[in-house]
Protein chains: 4
Amino acid sequence: MQFPFETHLRVTYRDVDMQRVVHNSHYLQYAEIGRIEYLRARGMTYQEVVQRFNLEMVLAESHCYYKVPAHFDDDLTVRVGIFDIGRSSFKVGYEIYRKATDDQIAIIRTNHVCVNRETFKPVRIPAEVRKFFENDEIEFKET
Amino acid sequence: MQFPFETHLRVTYRDVDMQRVVHNSHYLQYAEIGRIEYLRARGMTYQEVVQRFNLEMVLAESHCYYKVPAHFDDDLTVRVGIFDIGRSSFKVGYEIYRKATDDQIAIIRTNHVCVNRETFKPVRIPAEVRKFFENDEIEFKET
Amino acid sequence: MQFPFETHLRVTYRDVDMQRVVHNSHYLQYAEIGRIEYLRARGMTYQEVVQRFNLEMVLAESHCYYKVPAHFDDDLTVRVGIFDIGRSSFKVGYEIYRKATDDQIAIIRTNHVCVNRETFKPVRIPAEVRKFFENDEIEFKET
Amino acid sequence: MQFPFETHLRVTYRDVDMQRVVHNSHYLQYAEIGRIEYLRARGMTYQEVVQRFNLEMVLAESHCYYKVPAHFDDDLTVRVGIFDIGRSSFKVGYEIYRKATDDQIAIIRTNHVCVNRETFKPVRIPAEVRKFFENDEIEFKET
């Protein structure tokens, strides 16, 4: 797959469990870091999105495939792309790689809905955001 | 769905994020607590499984549907059942409810593979474990 | 030391690190659970304190002595008492024990200040809270 | 204070709590990141220290002063220095700053003991490590 954006992070000591591998719950945090850095790279921090458009991009669903474990101190690459862009919903696809070995660590999908911050009712994806989402649209295969 | 086991937990302050709801990554920890308490209730702690059979039940995949947010101090019920029991693989299905309102908070599935602790090669589900897994088999619908 | 309150918790899988012991940062969460359960036992949840008195009990300082490591699945007892009760500030002392062995796991102190939720200026400890704090006052030695 | 080393990190969404500030327990993780990056900068990753010298640098005590809250997406600077270098024990001092405003967020101290990985008995700080610790010794005031 071709991903329009990538960011890097290092596995911290606290993320690693008794099996000496990254605990499964942390990959959702790595995806979140990828998503937030993606927005920043497109010129809008998550807080700016929230404040300018009075919305939150709530998480409706997440799906993780754990391929190969990541370890303490690994340098990881998180690749990010957008797909299934609807009226108020969109999906984000991620692949996480270990830089040193190019191992594919995890494939992740998160489904989001833009909702009004007060009413929690779905609202349209703001036109400015939709523009770069459409630019960064990928074909995403989960397995 | 009929679940053969349930356990209870309270949302801690640290689990809650800026949106005043449980952060998505913590539901995987709640599922883990459900899974571990299920094993204990069937007479075998996770550590006993690991040591007696020299295996780990590694996580291959996770799937979460976030239905309604949970909040700080909520009492949650985690229901647990087993499905798709193969030679070395099995799936665990969970539903998380808020006790006070009976709201369905999340539906979760985790796929596991029993692997040898040294070689990481798949090994059969131990007969003793298979016995109670088969007793606790459910039909699981993810949506 | 004599503690007026205690609560119990079980170490979850995710709390344990590569050294197979509870990661140091989680003891602050265990203290927090102790503090919140203490308030509940005295008839006031933390959320009720916040809403009725329009204040937060912010954390100004924490001190942990790590005595003996806790492990996955340990049943822990968290003992809680109050000391150094000032006009708007107070300290909470904790001892954490492993139930099975009565090992002392950690000694913790947290210093708090009651502040107005909007202005963040220090405010008096509410009279109702002060009453049970004074009832539960302990002599606390940190080592 | 003069610190011989500093590293940078960004506050992730998951680190922030209901009060919209970094949850107190995460500062210990930020200190840990500072300590591990310090070792790497001196030419030895933590894993290399563990394996070459067959020891762990266990945490005996931690002390945090929370000065001003950090928020989501803040760029933080973690400054690191060493003090009270004994035969097998040493202390690490940290100051955390917000880059944008130069606010002092937290002052942290962690006390460590080098122990043999199997026996958990205290062992001397390895000569090679002592050399750079002594080079990076600071006067550390906690308040």
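Counting starts from 1 at the beginning of each chain's written sequence and moves along it residue by residue. Chain labels run from A onward and ligand labels from 1 onward, assigned in the order the entries are written. Residues qualify for local features only when their pLDDT is at least 70, as the model is predicted, and side-chain atom pairs are given and counted only at 80 or more; totals for whole chains, interfaces and linings, by contrast, use all residues. The side-chain quantities take in all heavy atoms of the structure and omit both hydrogens and water.

1. Section: unusual backbone geometry
Most peptide bonds take the trans configuration, and most residues that are not glycine carry a negative phi. Residues and elements named next belong to chain A. Even without a glycine there, the phi angle at Asn54 is positive, about 55°. The numbering of helices and of strands both runs from the N terminus, where a helix is a DSSP run of H or I of at least 4 residues and a strand a run of E of at least 2. Along the chain, the position of Asn54 falls in the loop between α2 (46–53) and β2 (55–66). Exposure classes here rest on a 1.4 Å probe applied to the protein chains alone. A residue is buried below 20% of its type maximum, exposed above 50%, and partly exposed in between. Given the relative accessible area of 28%, Asn54 is considered partly exposed. Backbone geometry places Asp84, a non-glycine residue, at a positive phi of 50°. With respect to the helices and strands, Asp84 occurs in the loop between β3 (75–83) and β4 (89–98).

2. Looking at the environment of Ser62(A)
Position of Ser62(A) relative to the elements: it lies in strand β2. Taking the C-alpha atoms as reference points, Ser62(A) and Val92(A), 30 residues apart in sequence, are found 9.6 Å from one another. Any two residues having at least one pair of non-hydrogen atoms within 4.5 Å are treated as being in contact. Beyond its immediate sequence surroundings of up to four residues, Ser62(A) is in contact with Leu28(A), Arg109(A), Thr110(A), Ser62(B), His63(B), Cys64(B) and Tyr66(B). Within polar-contact distance, the side chain of Ser62(A) engages the side chain of Tyr66(B) at 2.7 Å. As used in this structure description, the phrase polar contact means that two N or O atoms lie within 3.5 Å; if the pair is within protein, one of them must be able to donate a hydrogen and the other to accept it, and residues adjacent in sequence are counted only when both atoms belong to side chains.

3. Some words on the pairing of β4(A)
Residue and element names in this part refer to chain A. Among the 10 residues that make up β4, eight are buried, leaving the element largely enclosed by the rest of the structure. Here the rule is simple: two strands pair whenever DSSP picks up at least two bridges between them. In this structure, β3 lies alongside β4, joined through eight bridges in antiparallel fashion. Note on β4: the bridge partner recorded for Ile82 is Val92. Here nine bridges tie β4 to strand β5 (residues 104–116), and the two strands are oriented antiparallel to one another. The partner of Phe90 across the bridge, within β5, is His112. Counted between consecutive antiparallel strands, the loop separating β4 from β5 contains five residues, among which Asp102 sits at a positive phi close to 60°.

4. Points about the interface of chain A and chain B
Between chain A and chain B, the contact holds 21 residues from the first and 21 residues from the second. Every case where a carboxyl oxygen of Asp or Glu lies within 4 Å of a side-chain nitrogen of Lys or Arg is listed as a salt bridge. Across the chain A-chain B interface, the total number found is zero salt bridges. Between the two partners, chain A and chain B, sit 14 residue pairs in polar contact (both at pLDDT 80 or more). Counting only elements with at least two residues in the side of chain A that touches chain B, the list comes to α1 (25–41), α2 and β2 of chain A. When residues of the side of chain A that touches chain B are assigned to their parent elements, the largest contribution, 10 residues, is made by β2(A).

5. Quick notes on the pairing of strand β1 (residues 5–10) of chain C
Residues and elements named next belong to chain C. Side chains Phe5, Thr7 and Leu9 of β1 all project onto a buried face; the interleaved residues Glu6, His8 and Arg10 project onto a face where none is buried. The pairing of β1 with strand β3 (residues 75–83) spans six bridges and is classified as antiparallel. Within β3, the residue paired with Thr7 across the bridge is Val78.

6. Concerning the interface of chain C and chain B
In this complex, chain C contributes 20 residues to the contact, which on the side of chain B involves 19 residues. With both chains or domains summed, chain C and chain B bury close to 1,700 Å², and 46% of this area falls on carbon and sulfur atoms. Looking at the side of chain C facing chain B, the largest losses of area belong to Tyr13(C), Arg14(C) and Phe72(C), adding up to 29% of the total buried there. At the boundary of chain C and chain B, one finds four salt bridges. Asp73(C) serves as the salt-bridge partner of Arg40(B), at 2.7 Å between the closest nitrogen and oxygen. For the pair chain C and chain B, the number of links is 10 residue pairs in polar contact (both at pLDDT 80 or more). Residue assignment for the side of chain C that touches chain B shows that the elements contributing at least two residues are α1 (25–41) and α2 (46–53) of chain C. The dominant element in the side of chain C that touches chain B, judged by the number of residues it contributes, is α1(C), at seven residues. Only Asp, Glu, Lys and Arg are considered charged, only Ala, Val, Leu, Ile, Met, Phe, Trp, Tyr, Cys and Pro nonpolar, and every remaining residue, Gly among them, polar. Across the side of chain C that touches chain B, the residue classes break down as five nonpolar, five polar and 10 charged. Summed over both partners, the accessible area lost on bringing two parts together, with a 1.4 Å probe, is the buried area.

7. So, the relation of the copies chain A and chain B
What relates the pair of chain copies is a rotation about an axis plus a shift along that axis. Residues reaching a pLDDT of at least 70 in both copies supply the C-alpha atoms on which the copies are superposed by least squares. The transformation that overlays chain A on chain B combines an axial shift of 0.0 Å with a rotation of 180°, and the residual RMSD is 0.0 Å. Viewed as a symmetry operation, the transformation between the two copies matches a two-fold axis. For chain A, the smallest separation between a C-alpha atom and the rotation axis is recorded for His63(A), amounting to 2.2 Å. With an isologous cut-off of 70% or more, the 100% of interface residues of chain A that recur at the interface of chain B puts this contact in the isologous class.

8. Side note on the nonpolar core
Residue types Ala, Val, Leu, Ile, Met, Phe, Trp, Tyr and Cys, when buried and joined through side-chain atoms within 4.5 Å, form a set referred to as a nonpolar core. Counting residues in hydrophobic clusters, the biggest one holds 172 residues, and the most contacted among them are Phe133(A), Phe133(B), Phe133(C) and Phe133(D). Every residue in contact with Phe133(C), bar those within four places of it in the chain, is listed here: Tyr38(C), Leu39(C), Met57(C), Ile82(C), Ile85(C), Phe90(C) and Ile125(C).

9. So, empty space enclosed by the protein
In this analysis the probe radius is 1.4 Å and the grid spacing 1 Å, with only protein atoms considered; a cavity is a set of points the probe fits into but cannot get out of, a pocket is an open set with protein on both sides within 12 Å along at least five of seven lines, and lining residues have an atom within 4 Å of a point. Grid points are joined across faces, edges and corners, and a volume is the space filled by probe spheres set on the points. Applying the stated criterion to the full structure yields two cavities of 30 Å³ or more. Roughly 90 Å³ of internal volume is contained in the largest cavity. Lining the largest cavity are Arg14(A), His26(A), Arg14(B), His26(B), Arg14(C), His26(C), Arg14(D) and His26(D). Across the lining of the largest cavity, the residue classes break down as no nonpolar, four polar and four charged. In this structure, the second largest cavity spans a volume of roughly 40 Å³. Forming the walls of the second largest cavity are Met18(A), Tyr46(B), Gln47(B), Val50(B), Glu56(B), Tyr13(C) and Arg20(C). Per-element tally for the lining of the second largest cavity: the top contributor is helix α2 (residues 46–53) of chain B, with three residues.

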